[in-house]
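Fold and contact review
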Amino acid sequence: MLHPVTVHLLRASYDELKKQAVPGVDGVTWQQYGLGLEERWVDLHARVHRGAYRAQPSKRAYSRKEDGRQRPLGIASLEDKIVQQALVTVLNYIYEEDLIGFWYGFRPTRSTHDALDALAVGLTRKEVNWVLDADLRGFFDNLDQEGMQRFLQHRIADRRVLRLIRKWLRAGVSEEGRWSETKVGTPQGVVISPLRANIYLHYVLDLWAH
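Note that the coordinates shown come from a computational prediction; the quantities given were computed from them, not determined experimentally. (Residues numbered from 1 in each chain as written. Predicted model: local features only at pLDDT ≥ 70, side-chain atom pairs only at ≥ 80, totals over all residues. Heavy atoms only, no water.)

Comments concerning the packing of aromatic side chains
By convention here, two paired aromatic rings are described through the distance between centres and the angle between planes. Put simply, the rule is: Each pair of aromatic rings taken from Phe, Tyr and Trp, with Trp reduced to its six-membered ring, is defined by centres within 6.5 Å and is described as stacked if the planes are under 30 degrees apart, edge-to-face if over 60, and tilted in the remaining cases. Strands are runs of DSSP state E lasting at least 2 residues, helices are runs of H or I lasting at least 4, and numbering of each runs from the N terminus. Here the term buried applies to any residue with accessible area under 20% of the maximum for its type, exposed to any over 50%, and partly exposed to those in between, with areas from a 1.4 Å probe on protein chains only.
This structure, assessed with the given rule, holds four aromatic pairs. Each ring, one from Tyr14 and one from Trp30, has its centre 4.5 Å from the other, and the planes form 5°; the classification is stacked. Of this pair, Tyr14 sits in helix 1 (residues 7–16) while Trp30 sits in helix 2 (residues 30–33), and the two are 16 residues apart along the sequence. Across the pair, exposure class does not vary: Tyr14 and Trp30 are buried alike.

In structure tokens:
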């Protein structure tokens, strides 16, 4: 499964990143990483495939919610963003087949406008008595890492991919220069976190179904 993560895909993943994003703990910006790219791609590709790639901690940042509470975010290093984006591209081909039809969050072929269109059709063409608006508080912060990794093994046989995901989960968080371990949850805001959320929700629904 790691075979599709080629030099070409890594380069394309780099191009997809936000060019003005705040750098992570490495302090490397999108523009700085672009210097000497050809050698970087070959080196990064080699490290990923031989297992020498090392994930870096996410840099802690906060954004204010509407209710005044602070939402913790994680800012990944530039290389982590690139490899995560490449792996998201590969994993989306697998999990897009599994996700429920009316599931619209964080999917590559769907948007909030698609969800609103579906909702409008449901409300106007069917008899609807109520609409439920719910939010899972602290979802990313309380994600069961071990449970999700076990669930991933149902569809992912390549141990190199599983090790990569494990490295990101265990890389920890750096806040004001201090590193802290993350035994539960996953940093919100990193490239791969929306896909993790969808996979984990699929895992939770599978548990409920059985």
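Here we look at a nonpolar patch on the surface
Filter applied, for reference: Exposure above 30% relative accessible area and no salt bridge define the residues that can form patches, which grow by joining like charges within 9 Å and nonpolar side chains of Val, Leu, Ile, Met, Phe, Trp and Tyr within 5 Å. All accessible-area figures derive from a Shrake-Rupley calculation using a 1.4 Å probe, and residue coverage is judged against the displayed protein chains alone. Salt bridges, as used here, are contacts in which a Lys or Arg side-chain nitrogen is within 4 Å of a carboxyl oxygen on Asp or Glu.
A cluster of nonpolar side chains, Leu116, Leu119, Leu123, Val128 and Val131, forms an exposed patch at the surface whose accessible area comes to about 440 Å². Tracing the backbone through its elements, the reader meets Val128 in the loop between helix 5 (112–125) and helix 6 (145–152).

Describing the packing of helix 3 (residues 37–50) against helix 4 (residues 78–95)
To keep things clear, this is the line we draw: Angles run from 0 to 180 degrees between N-to-C directions of axes, and those axes are lines fitted to C-alpha atoms, restricted for helices to the stretch in contact. Working definition: roughly parallel below 35 degrees, roughly antiparallel above 145 degrees, roughly perpendicular at 65 to 115 degrees, and oblique for all remaining angles. Throughout, a crossing is termed right-handed when the near helix is turned clockwise from the far one, and left-handed when it is turned anticlockwise from it by less than a right angle. Here, residues are in contact when the closest pair of their heavy atoms is within 4.5 Å. Side-chain classes follow a simple rule in which Ala, Val, Leu, Ile, Met, Phe, Trp, Tyr, Cys and Pro form the nonpolar group, Asp, Glu, Lys and Arg form the charged group, and the remainder, Gly included, forms the polar group.
The interhelical angle for the contact between helix 3 and helix 4, taken along N-to-C directions, is 70°, at an axis separation of 12 Å. Considering the angle they form, helix 3 stands roughly perpendicular to helix 4. Where helix 3 crosses over helix 4, the two elements pack in a sense that is right-handed. Residues Trp41, Leu44, Arg47 and Val48 of helix 3 pack against Glu79, Ile82 and Val83 of helix 4. Within the contact of helix 3 with helix 4, the residues separate by chemical class into five nonpolar, no polar and two charged.

What about the nonpolar core?
Our working definition: Here the nonpolar core consists of buried residues drawn from Ala, Val, Leu, Ile, Met, Phe, Trp, Tyr and Cys, with membership extended through side-chain atoms lying within 4.5 Å.
In this structure, Leu10, Leu44, Ile82, Val83 and Leu164 are the most contacted members of the largest nonpolar core, which totals 31 residues. When contributions to this core are tallied by element, the ones reaching two or more residues are helix 1, helix 2, helix 3, helix 4, helix 6 and helix 7 (159–170). Ranked by residue count, the leading element in this core is helix 4, at nine residues.

Points about the side chain of Ser77
Here is the rule: Counted as a polar contact is a pair of N or O atoms within 3.5 Å, where, for protein atoms, one must be capable of donating a hydrogen and the other of accepting one, and residues adjacent in sequence contribute only when both atoms are in side chains.
With respect to the secondary-structure elements, Ser77 resides in the loop between strand 2 (70–75) and helix 4. By relative accessible area, Ser77 is classed as buried at 1%. A distance of 3.0 Å separates polar atoms of two side chains, one belonging to Ser77 and the other to Asp80.

Here we look at helix 1
Our working rule: Taking the helix axis as origin, the arc is that swept by the directions to the C-beta atoms.
Among all positions of helix 1, only Leu9, Leu10, Ser13 and Tyr14 are buried. The buried residues of helix 1 occupy one face: seen down the axis, they fall within an arc of 145°. The elements touched by buried residues of helix 1 are helix 2, helix 3 and helix 4.

Considering the sheet that holds strand 4 (residues 178–180)
Rule in force here: Between any two strands, pairing holds if DSSP finds at least two bridges.
Strand order in the open sheet formed by four strands is 2-1-3-4, and the pairing between neighbours is mixed. Here the strands that pair on one side only, and so sit at the sheet edges, are strand 2 and strand 4. The sheet shows a mean angle of 40° between the axes of neighbouring strands, direction not considered. As paired strands, strand 1 (residues 58–64) and strand 3 (residues 173–175) are joined by two bridges and run parallel to one another. Across the sheet, the residue bridging to Ser58 is Val173, located in strand 3.

With respect to the pairing of strand 2
Here six bridges tie strand 1 to strand 2, and the two strands are oriented antiparallel to one another. Bridge assignment links Ser63 to a residue of strand 2, and that residue is Arg71. Counting the residues in the hairpin turn of strand 1 and strand 2 gives five residues, including Gly68, whose phi is positive at 95°.

Comments concerning the confidence of the model for the protein
Applied cut-off: pLDDT is a per-residue confidence score from the predictor, ranging from 0 to 100.
Per-residue pLDDT for the protein has a mean of 82; in total, 89% of the residues score no lower than 70. Summarising per-element confidence for the protein, the mean pLDDT is lowest in helix 8 (residues 193–209) (56) and highest in helix 1 (94).

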